[in-house]
Amino acid sequence: MPSTLADLPDDVDALKAIVATTRAELASRDLLIEKLKHQLSGLKRHRFGTSAEGLEQLQMTLEDIEITHSAEVIPEPSASEPKGKPVRKPLPGHLPRRNEILSPGKACERCGGRLKLLGEDVTEELEYVPGRFVVNRIVRPRMACACCEAILQAPLPSRPIERGRPGPGLIAHVLTAKYADHLPLYRQSQIFERDGLDLTRSTLAGWVGQATRLLEPLADAIGRHVRQGAAIFADDTPVRVLSAGAGGKTATGRVWVYARDERPWGGAAPPAAWYRFSPDRKGIHPRTHLAGFSGFMHADGYAGFNEITRTGAVREVACLAHIRRKFVDVATAQGSSVAEETLRRIAELYAVEENIRGKPPDERARIRQVETRPRLDALVLFLTITLQRVSGKSSLGQAIRYALTRLPRLEPIFEDGRLEIDNNSAERAMRGIALGRKNYLFMGSDGGGNAAAIAYTLIETAKLNGVDPQAWLTDVLTRIADHKITKLDALMPWHFNASAH
């Protein structure tokens, strides 16, 4: 390209060629700038957090403001102001009460007369008493027969860890703290040390490994329950795994989740989430996990799932949330009106889903035919026409192409009302993995990954059923050693009755 006006040729055709070349270079530069802006926006979200994490930061800021405000002097209400009714909820009735009686005495301070009771005012305040450790002493007398001198002694009852010192409640506490509360074992060890207990990280790791091995049949049973559903939700996420003998280097493993949740259409089956670990992301892993399963699978379009759907026994259902997310990225990075219009149309589809939540499958399918199909067809037409006007290499063009590839795979939702419009059930099940990943950074080995998959299966399934995972695991660890493996269903969290324990 000529650098000055004096360098421009006088020939018209040559000038046209220069203009055409300049336009092409500018278009290429604009495309590069758009891509870089898109990448920068993504990196900023990765660095500073998603909108949900931003909301958490806002909540912490509000907490600081509230703390500062509560520390200021609050004026006492004047005597002329009427006292309103209490707005605070009563403290839970199941909490134990400790009475502290502040008596004015038995005699009047003025005349010395005897006082009689007229009534009483009760003020309740919520207090916290740190948890306490106890030692269970299992005493087994050795008895000798007076006649034959035989020595008798009752056998030691089964325990979660043979020849180990932890009780079921302590093991359940360690598992829940690590996999539900995302508290690494070394931090738990430090907390125990403040209570005067020498429980090293390696000791706790041993307990976790032995306990998850004991609980593995129960996790496998949950996996069978998931695969018995007519539809499952599938997803995977990367985790770093410490490579053996690699000088502290880490490899990338995967945690897979397969969820069953029939609550949106009123199904009676309990919800459950089954986790599996693999050292890589090869398609052989989901094919092995779902061997024997037939039905529908909600997924995000990962090519490795093609090995499952190729036989026809499993039909894939696309995820509208993944499609939406790509347009959110474009709208955030570029302020694209096309992306914003696409998001508006997708919001209309979700509004229909909100309206049919909890309705029977037949009614859900019928309403979708009437309300969702015309909106979905209009969205496809809008994107098809738009794609002809934008560069296929741009971020918007890539988002449109992905959408047009995936949207036809939502067709099963019009046939079967048991299906969902997205894969959010699986993505919600992955949140605990993501939070834990920020705290313990990597898994120590493939064995640690397998142990984590078992623990997440048990804990997340308990949470899905509204069950306190620590209370349930305490009960299970108390019973499972002597429990018949053919009757594992009785130990499932949806059969757990907290009031009976």
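Residues numbered from 1 in each chain as written. Predicted model: local features only at pLDDT ≥ 70, side-chain atom pairs only at ≥ 80, totals over all residues. Heavy atoms only, no water.

> Can you explain the pairing of strand β5 (residues 272-278)? Please cite residues and give values.
The buried fraction of β5 is high, at six of seven residues. Judged from the seven bridges that link them, strand β4 (residues 250-260) and β5 form a sheet pairing that is antiparallel. When the bridges of β5 are listed, Tyr258 appears paired with Trp274. (Buried < 20%, exposed > 50% of the residue type's maximum accessible area, 1.4 Å probe, protein only. Helix = DSSP H or I, 4+ residues; strand = E, 2+ residues; numbered from the N terminus. Pairing = 2+ DSSP bridges.)

> Lay out the sheet that holds strand β3 (residues 231-242) with the relevant residues and their values.
Overall, mixed pairing links the five strands, which are arranged β5-β4-β3-β6-β7 in an open sheet. Since the sheet does not close on itself, it has two edges, and those belong to β5 and β7 (314-317), each with one partner. Direction aside, neighbouring strands of the sheet carry axes that sit 30 degrees apart on average. (Axes fitted to C-alpha atoms, helices over the stretch in contact; angles between N-to-C directions.)

> Could you give me a rundown of the pattern of salt bridges, with the residues and numbers involved?
Tallying each qualifying case throughout the model produces 21 salt bridges. Here Asp236 ties to Arg281 by a salt bridge, and the two come within 2.8 Å at their closest N and O atoms. Linking Asp236 in strand β3 with Arg281 in the loop between β5 and α6 (284-289), this pair joins segments that are 45 residues apart in sequence. Where Arg409 meets Glu316, a salt bridge forms, and the shortest distance between an N and an O atom there is 2.5 Å. Here Arg409, found in the loop between α11 (395-406) and α12 (412-415), pairs with Glu316, found in strand β7; they are 93 residues apart in sequence, far enough to count as distant. Within the structure, one salt-bridge network assembled from shared partners comprises Glu341, Arg344, Arg345, Glu348 and Arg375. (Salt bridge = Lys/Arg side-chain N within 4 Å of Asp/Glu carboxyl O.)

> Break down the nonpolar core for me, citing the residues and quoting the values.
For soluble globular proteins, the rule of thumb is that nonpolar side chains tend to be buried together. Counting 66 residues, the largest nonpolar core has Leu215, Tyr275, Met297, Leu458 and Trp472 as the members making the most contacts within it. When residues of this core are assigned to their parent elements, the largest contribution, ten residues, is made by helix α5 (residues 201-227). Apart from the residues within four sequence positions on either side, Met297 is in contact with Ile232, Ala234, Leu290, Phe305, Ile308, Thr309, Val314, Arg315, Glu316 and Val317. In terms of nonpolar packing, the next biggest core, distinct from the first, is built from 29 residues, Ala318, Val330, Leu396 and Phe414 among them. (Core = buried A, V, L, I, M, F, W, Y, C linked by side-chain atoms within 4.5 Å. Contact = heavy atoms within 4.5 Å.)

> Can you explain the side chain of Asp422? Please cite residues and give values.
Here Asp422 is to be found in the loop between α12 and α13 (424-429). Within the buried set, Asp422 has no salt-bridge partner at all; the shortest N-O distance to an opposite charge, 5.9 Å, is to Arg428. Among the polar contacts listed, one links the side chain of Asp422 to the side chain of Tyr350, at a separation of 2.9 Å. One polar contact links Asp422 to Asn424, side chain to side chain, over a distance of 3.0 Å. Contact partners of Asp422, with chain neighbours within four places excluded, come to Phe233, His298, Ala318, Cys319, Leu320, Ala321 and Tyr350. (Lys, Arg positive; Asp, Glu negative; His and termini not counted. Polar contact = N/O pair within 3.5 Å; in protein donor to acceptor, adjacent residues only side chain to side chain.)

> Any chance you could break down the environment of Trp207 for me, citing the residues and the numbers?
Note on placement: Trp207 falls in helix α5. By relative accessible area, Trp207 is classed as buried at 11%. Linking Trp207 and Ile161, residues 46 residues apart in sequence, is a C-alpha distance of 7.6 Å. Look past the residues within four positions of Trp207 in its chain and what remains in contact with it is Ile161, Pro166, Leu170 and Leu199.

> I'd like a rundown of the packing of aromatic side chains, residues and numbers included.
Under the counting rule described, the total for this entry stands at six aromatic pairs. Both rings, one in Tyr179 and one in Tyr456, keep their centres 5.3 Å apart while their planes meet at 75 degrees; by these two values the pair is edge-to-face. Of this pair, Tyr179 sits in helix α3 (residues 168-179) while Tyr456 sits in helix α15 (residues 446-464), and the two are 277 residues apart along the sequence. Its relative accessible area of 1% is what places Tyr456 among the buried residues. (Phe/Tyr/Trp six-rings, centres within 6.5 Å; stacked < 30°, edge-to-face > 60°.)

> I'd like a rundown of the packing of helix α4 (residues 185-194) against α5, residues and numbers included.
Relative to each other, α4 and α5 sit at 120 degrees, their axes nearing to 8 Å. Judged on the interaxial angle alone, α5 and α4 are oblique. Here the hand of the crossing between α4 and α5 comes out right-handed. Facing Leu185, Tyr186, Gln188, Ser189 and Phe192 of α4, the residues of α5 in contact are Arg201, Leu204, Ala205 and Val208. Of the residues contributing to the contact of α4 with α5, the split by class is six nonpolar, two polar and one charged. (Parallel < 35°, antiparallel > 145°, perpendicular 65-115°, else oblique. Left-handed = near helix turned anticlockwise from the far one by under 90°. Nonpolar A, V, L, I, M, F, W, Y, C, P; charged D, E, K, R; others polar.)

> Any details on α15? Residues and values, ideally.
Taking 1.5 Å per residue as the helical rise, α15 with its 19 residues ought to reach 27 Å, and the 26 Å between its terminal C-alpha atoms agrees with that figure. Gly466, located one to two residues past α15, shows a positive phi value of around 70 degrees. (Expected span 1.5 Å × (residues − 1).)

> Just give me the short version of the environment of Glu427, but keep the residues and values in it.
When you line up the elements, Glu427 lands in helix α13. Relative accessible area serves as the criterion here: at 19%, Glu427 is assigned to the buried category. In this structure, the C-alpha to C-alpha distance between Glu427 and Ala259, residues 168 residues apart in sequence, is 9.5 Å. Once residues lying within four places of it in the same chain are set aside, the contact partners of Glu427 are Asp235, His322 and Arg325. A distance of 2.9 Å separates polar atoms of two side chains, one belonging to Glu427 and the other to Arg325.

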